[in-house]
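Chain and residue survey
Chain by chain, the residues run as shown.
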Amino acid sequence: MRGHAERLNGLGTTIFAEMSALAVATGSVNLGQGFPDTDGPDSVLEDAIAAIRAGANQYPPGRGIPALRQAIADHQQRFYGLSYDPDTEVLVTTGATEAIAAALLAFVEPGAEVIALEPYYDSYAAGIAFAGGRRVPVTLRAPSYRLDLDELRAAVTPRTKVLLINSPHNPTGTVLTDEELRGIRDVAVEHDLTVITDEVYEHLVYDDHRHLPLATYDGMPERTLSISSAGKTFSVTGWKIGWVTGTPANITAVTTAKQFLTYVSGSPFQPAVANALALGNDYYTTVRGTLQSRRDLLATGLADLGFDVHTPAGTYFITTDIRPLGHTDGIDFCRLLPQRTGVVAIPTQVFYDHKPQGAPLVRWAFCKKESLLQEALHRLKSL
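What you see is a predicted model, and the numbers here were worked out from it, not measured in a lab. (Residues numbered from 1 in each chain as written. Predicted model: local features only at pLDDT ≥ 70, side-chain atom pairs only at ≥ 80, totals over all residues. Heavy atoms only, no water.)

**Looking at the pairing of strand β2 (residues 90-93)**
- Residues V90 and V92 of β2 are buried on one face, and the alternating residues L91 and T93, pointing to the opposite face, are buried as well.
- Of the pairings in the sheet, the one linking β2 to strand β8 (residues 242-245) comprises 4 bridges and is antiparallel in character. Each bridged residue has a counterpart across the sheet, and for V90 the counterpart in β8 is T245. (Buried < 20%, exposed > 50% of the residue type's maximum accessible area, 1.4 Å probe, protein only. Helix = DSSP H or I, 4+ residues; strand = E, 2+ residues; numbered from the N terminus. Pairing = 2+ DSSP bridges.)

Okay, structure coming up:
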């Protein structure tokens, strides 16, 4: 019997599945996978229950229900001044992961190159491989994790088709600056590149940092596919409701690929997310403030334990260097950590093509109750 397709080589079981299984097996506090341990707003949950009872249990329209597409368009206008036609320029997807995969399938020909910011979320590598593309990393290097625009320019070749940009950036927590975004814009326009932007942490930005969508820059609306989702903002990661906004031609291309992946999903969740997107500014402010305080709690605690801590400007995650504690390999460290301390984290090197660059780095999720973060820090004292 012939073996599996070569495009699957190196993908295997995700590190999240491995570490979450370890957490269950050892009764550990799971600071690995990025999901909250509290539900979203009661009103949003009740909206989903009401939708089920009202009969929203069959296939919704292929591009998403009209109310949600309108809510997404309103959200983009409200927060960023971006205008989209909900009928032709908005697509609802099964989470941002499907949106990224469908966009890559729509715009990446076999052999084409996709430039991505490294370290990168593991689904990027899979999506590029499924499309038959070749990933080209541009590395955000510790400790600053800033984008080197000269390195970005040098990475472009005649085979480059897509820039895959993630900001706020998982796992580093970097929020790209206006200067960096202008540099990306210049490269994209000069080389006529399509840009796919993963913005799922758009509302989880801290201190005085701001999320600036690439689609707001001159020359970018016609070449940018902006992707986000409800999971992180509203603490409903299991609902898997995401979306893409862009020009009619670009959205049609992504829809062509998406319809053969899941076709549609989440009928009762779509009206609930439509209502969630319309929540007042106080909701977004509260979520941001709550997560910032939890970030500070975990960052301070890890630093007190001897880790070299990179405090993120956004996302759910803190990156630490484990070398001050006498360790050099994050994978070994994270596999031993549950047995030694009863805590699970994620080795960052799995997000790198050149593994040694991420070897001493470990990612911790702070989207948990304060009591759980305090318990994790107490357990880690045994290190």
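Now that the structure has been shown, the text picks up again.
**Examining helix α4 (residues 95-107)**
- Across its 13 residues, α4 extends 19 Å between first and last C-alpha, which sits within 8% of the 18 Å expected from 1.5 Å per residue.
- Taken as a whole, α4 has its buried residues at G95, A96, E98, A99, I100, A102, A103, L104 and F107. (Expected span 1.5 Å × (residues − 1).)

**Things to note about the domain arrangement of the protein chain**
- Examined at the domain level, the protein chain breaks down into domain 1 (6-40 + 282-381) and domain 2 (58-278).
- Each of domain 1 and domain 2 has a C-alpha centre, and the two are 24 Å apart.
- Contact with domain 1, which involves 35 residues of that partner, is made by 42 residues of domain 2.
- When domain 1 packs against domain 2, close to 3100 Å² is buried across both sides, 56% of that on carbon and sulfur atoms. (Domains from an automatic or database assignment. Contact = heavy atoms within 4.5 Å. Buried area = accessible area lost by both parts, 1.4 Å probe.)

**Concerning the UniProt feature "domain: Aminotransferase class I/classII large" (unreviewed entry) in the protein chain**
- UniProt tags residues 29-379 as "domain: Aminotransferase class I/classII large" (unreviewed entry).
- Taken end to end, residues 29-379 is 40% helix and 16% strand, and its two terminal C-alpha atoms sit 9 Å from one another. (UniProt positions renumbered as here; feature names shortened; annotations may be inferred.)

**Observations regarding the environment of L337**
- Inspection of the secondary structure assignment puts L337 in helix α12 (residues 330-341).
- Residue class for L337 comes out buried when judged on its relative accessible area of 1%.
- L337 sits 314 residues away from A23 along the chain, and the two C-alpha atoms are 10.0 Å apart.
- Residues in contact with L337, not counting those within four places in the same chain, are G342, V343, A345, W364, L380 and L383.

**Examining the sheet that holds strand β4 (residues 134-139)**
- Read across the sheet, 7 strands follow the order β2-β8-β7-β6-β5-β3-β4 without closing on themselves; strand pairing throughout is mixed. Each having just a single partner strand, β2 and β4 make up the two edges of the open sheet. Here the strands of the sheet are splayed against their neighbours by 20° on average, with no regard to which way each runs.
- Two strands pair when backbone bridges link them, and strand β6 (residues 194-198) and strand β7 (residues 224-229) are joined in this way by 4 bridges, in the parallel orientation. Within the sheet, the bridge partner assigned to I196 lies in β7 and is L225. (Axes fitted to C-alpha atoms, helices over the stretch in contact; angles between N-to-C directions.)

**A word on the pairing of strand β13 (residues 361-365)**
- With 5 of its 5 residues buried, β13 lies for the most part within the structure.
- The pairing of strand β10 (residues 317-321) with β13 spans 5 bridges and is antiparallel. Across the sheet, the residue bridging to I318 is W364, located in β13.
- Sheet topology places strand β12 (residues 346-347) next to β13; 2 bridges connect them, and they run antiparallel. Bridge pairing in β13 links I346 to R363.

**Side note on the pattern of salt bridges**
- Inspection of the entire model under this criterion finds 16 salt bridges.
- As a salt-bridge pair, R69 and D87 come within 3.2 Å of each other at their nearest N and O atoms. Of the two residues, R69 sits in helix α3 (residues 66-80) while D87 sits in the loop between α3 and β2, which places them 18 residues apart along the sequence.
- What makes R69 buried here is its relative accessible area of 8%.
- Judged by relative accessible area, which is 53%, D87 ranks as exposed.
- Of the charged contacts, one joins E113 and R134 as a salt bridge, the two residues approaching to 3.0 Å between their closest N and O atoms. Residue E113 is found in strand β3 (residues 113-118), and its partner R134 is found in strand β4; the two are separated by 21 residues along the sequence. (Salt bridge = Lys/Arg side-chain N within 4 Å of Asp/Glu carboxyl O.)

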